Amino acid sequence: DVRFYCSTTKHKRIIHFKTSNQHVRWVAVSGSHGELNSATNWNTGWTALSNHSAYLPAATTYTSNYGAFANTPFQGNNVVWYIGSFESHCDGYGWADNSTHQVWVRLPGPTRAPSSSPTSPTTTPTASPTSPTTFPTAAPTSKSTSPTINTPTTCSEYMYLGHTTSGVFTISARAGSGLPDRTVYCDMEE
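Because the structure is a prediction, the values reported are computed rather than measured.

Draft legend 1. Examining the overall build of the protein chain more closely. When its secondary structure is counted, the protein chain shows three helices and nine strands. Listing each helix as α and each strand as β along the protein chain from the N terminus yields β-β-α-α-β-β-β-β-β-α-β-β. The burial tally for the protein chain puts 35% of its 190 residues in the buried class. A separation of at least 24 residues holds for 44% of the contacts in the protein chain among residues at least 6 apart in sequence. For the protein chain, the exposed surface amounts to about 11,500 Å²; the carbon and sulfur share of it is 53%.

As structure tokens, then:
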């Protein structure tokens, strides 16, 4: 699920909803729309949560395929949601929209192999029902194709690294993007 919350000083409406739409999840995790964004990704299949009083996402009639959350991922007639570097909008339109936005993403937990399954210590992580995933301990060879993980770029990478408690984590921006690292809340519960 992806959960959206925002409020603004411009009006009293609050956006507070969740959706399981796969495209919305992709945008939240990857930061990219590709060319698949459509109004139906936003205006159908969503669930209003407590205090939701906004027109969006139900009023969504237009979307953008560029900029992910920073370029009007969903909007209707005179109501917009986006997070920008100079301005942000929460079910409003025009300048001076002083708003607070929160986006949560619930990701599935890591796949864990049964503890009784045979594994090679250099290729496959194993787990027991009562312990976290154990990762290979053998030194990589020069032919190793295992990725090197610096600061994780998603909550699921933190889960893969064994973090099982929800909390605030630093997420690294994509290499070469010029974007700063971000502090996000990762919900690690399944």
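Past the structure itself, the notes keep going.
Draft legend 2. Spatial organisation of the state of the cysteines. Applying the stated criterion across every chain yields a total of two disulfides. Here Cys 6 connects covalently by a disulfide to Cys 90, the sulfurs 2.1 Å from one another. Since a negative S-S torsion denotes a left-handed disulfide, the Cys 6-Cys 90 link at about 85° is right-handed. With Cys 6 in strand 1 (residues 2-8) and Cys 90 in strand 6 (residues 88-92), the pair connects residues that are 84 residues apart, well separated along the chain.

Draft legend 3. Just the nonpolar core, in detail. Counting residues in hydrophobic clusters, the biggest one holds 25 residues, and the most contacted among them are Phe 4, Ile 15, Trp 42, Phe 74 and Trp 81. Dropping the residues within four chain positions of it, Ile 15 is found in contact with Phe 4, Tyr 5, Cys 6, His 52, Ala 54, Leu 56, Trp 81, Cys 90 and Asp 91.

Draft legend 4. Representation of the sheet that holds strand 7 (residues 99-105). The strand order 3-2-1-7 describes an open sheet built from four strands, whose pairing is antiparallel. Taken across any chain shown, the strands that pair with only one partner, and hence form the sheet edges, are strand 3 (46-48) and strand 7. Going from strand to strand, the sheet's axes swing by 20° on average, the running direction of each strand aside. Those strands touched by helix 1 (residues 22-30) are strand 1, strand 2 (15-19) and strand 7, and its axis lies near 75° from that of strand 1.

Procedures and definitions
Residues numbered from 1 in each chain as written. Predicted model: local features only at pLDDT ≥ 70, side-chain atom pairs only at ≥ 80, totals over all residues. Heavy atoms only, no water. Helix = DSSP H or I, 4+ residues; strand = E, 2+ residues; numbered from the N terminus. Buried < 20%, exposed > 50% of the residue type's maximum accessible area, 1.4 Å probe, protein only. Contact = heavy atoms within 4.5 Å. Areas by Shrake-Rupley, 256 points an atom, 1.4 Å probe, with all protein chains shown as cover. Disulfide = S-S within 2.5 Å. Core = buried A, V, L, I, M, F, W, Y, C linked by side-chain atoms within 4.5 Å. Pairing = 2+ DSSP bridges. Axes fitted to C-alpha atoms, helices over the stretch in contact; angles between N-to-C directions.

Without other data, these values stay purely geometric and don't point to any function.
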